[in-house]
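# Fold and geometry: a report
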Amino acid sequence: MSVNTTIFWIIIGCAFVTLIPRILPFIIVRNIQLPPIAIKWLSFIPVCIFTALVADSLINKEVDSLISMDWNVILALIPTILTALYTKSMAITVVVGVVCMAGIRFFM
């Protein structure tokens with residue numbers, strides 16, 4: 001596979017545009033003292049995003065049928081939720097969820 005310079009610069013540009021909204025807020029907020037209510041509100045964002053991703057993958061949205069549940073995701077979700085409740089660690093929970101889903105997709 002060969003990559004010409006145009007493709008290379010497009011990939012670099014996409015990486016730069018992707019990193020700006022992820023890093024720039026941290027640089028701006030780093031030297032600002034936020035009020036406690038803002039810090040509390042911001043603490044809920046990772047949980048909300050994680051829940052939205054899980055809920056989106058849990059529901060099958062097929063054109064010809066009604067909305068149904070994806071049972072493979074439910075099987076991976078059970079040990080993931082138990083891990084989240086036990087460890088209270090987002091990183092460990094994500095790793096357990098990815099490993100469970102990979103195992104289910106590999107063996108089923």
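Structural notes, computed from the coordinates. Bear in mind that the values here come from a model prediction, so they are computed numbers and not experimental data.

For the rest of this paragraph, the subject is the packing of helix α3 (residues 45-58) against helix α4 (residues 71-87). Put simply, α3 and α4 touch, their axes get as near as 9 Å, and they point 145 degrees apart. Contact residues: α3 offers Val54, Ser57 and Leu58, while α4 offers Val73, Ile74 and Leu77. Tallied by class, residues from the contact of α3 with α4 come to five nonpolar, one polar and no charged.

On to the environment of Leu58. In this fold, Leu58 is placed in helix α3. Judged by its relative accessible area of 15%, Leu58 falls in the buried class. Leu58 sits twelve residues away from Asp70 along the chain, and the two C-alpha atoms are 5.4 Å apart. Among all residues touching Leu58, those that are not within four sequence positions of it are Ser68, Met69, Asp70, Val73, Ile74 and Leu77.

What follows deals with the side chain of Thr83. With respect to the element layout, Thr83 can be found in helix α4. Polar side-chain contacts of Thr83 include one of 2.7 Å to the backbone oxygen of Pro79. With residues near it in sequence (within four places) discarded, Thr83 still touches Lys88, Ile92, Thr93 and Val96.

Let us now look at the packing of α3 against helix α5 (residues 90-107). The relative placement of two packed helices comes down to the angle between their axes together with the axis-to-axis distance. The contact between α3 and α5 brings their axes to 12 Å, and the two run at 10 degrees. Classified by the angle their axes make, α3 and α5 are roughly parallel. Between α3 and α5, the contacting residues are Pro46, Val47 and Phe50 on the first element and Met90, Thr93 and Val94 on the second.

Right, let's talk about the packing of aromatic side chains for a bit. If you walk through the whole model with that rule in mind, you get two aromatic pairs. For the pair Phe8 and Trp9, a centre-to-centre distance of 5.3 Å together with 75 degrees between the ring planes defines the contact as edge-to-face. Note on Phe8: relative accessible area 42%, which makes it partly exposed. Judged by relative accessible area, which is 57%, Trp9 ranks as exposed. For the pair Phe106 and Phe107, a centre-to-centre distance of 4.9 Å together with 85 degrees between the ring planes defines the contact as edge-to-face. Classification of Phe107 by relative accessible area gives exposed; the value is 69%.

What counts, and where the lines are drawn
- Residues numbered from 1 in each chain as written.
- Predicted model: local features only at pLDDT ≥ 70, side-chain atom pairs only at ≥ 80, totals over all residues.
- Heavy atoms only, no water.
- Axes fitted to C-alpha atoms, helices over the stretch in contact; angles between N-to-C directions.
- Helix = DSSP H or I, 4+ residues; strand = E, 2+ residues; numbered from the N terminus.
- Contact = heavy atoms within 4.5 Å.
- Nonpolar A, V, L, I, M, F, W, Y, C, P; charged D, E, K, R; others polar.
- Buried < 20%, exposed > 50% of the residue type's maximum accessible area, 1.4 Å probe, protein only.
- Polar contact = N/O pair within 3.5 Å; in protein donor to acceptor, adjacent residues only side chain to side chain.
- Parallel < 35°, antiparallel > 145°, perpendicular 65-115°, else oblique.
- Phe/Tyr/Trp six-rings, centres within 6.5 Å; stacked < 30°, edge-to-face > 60°.

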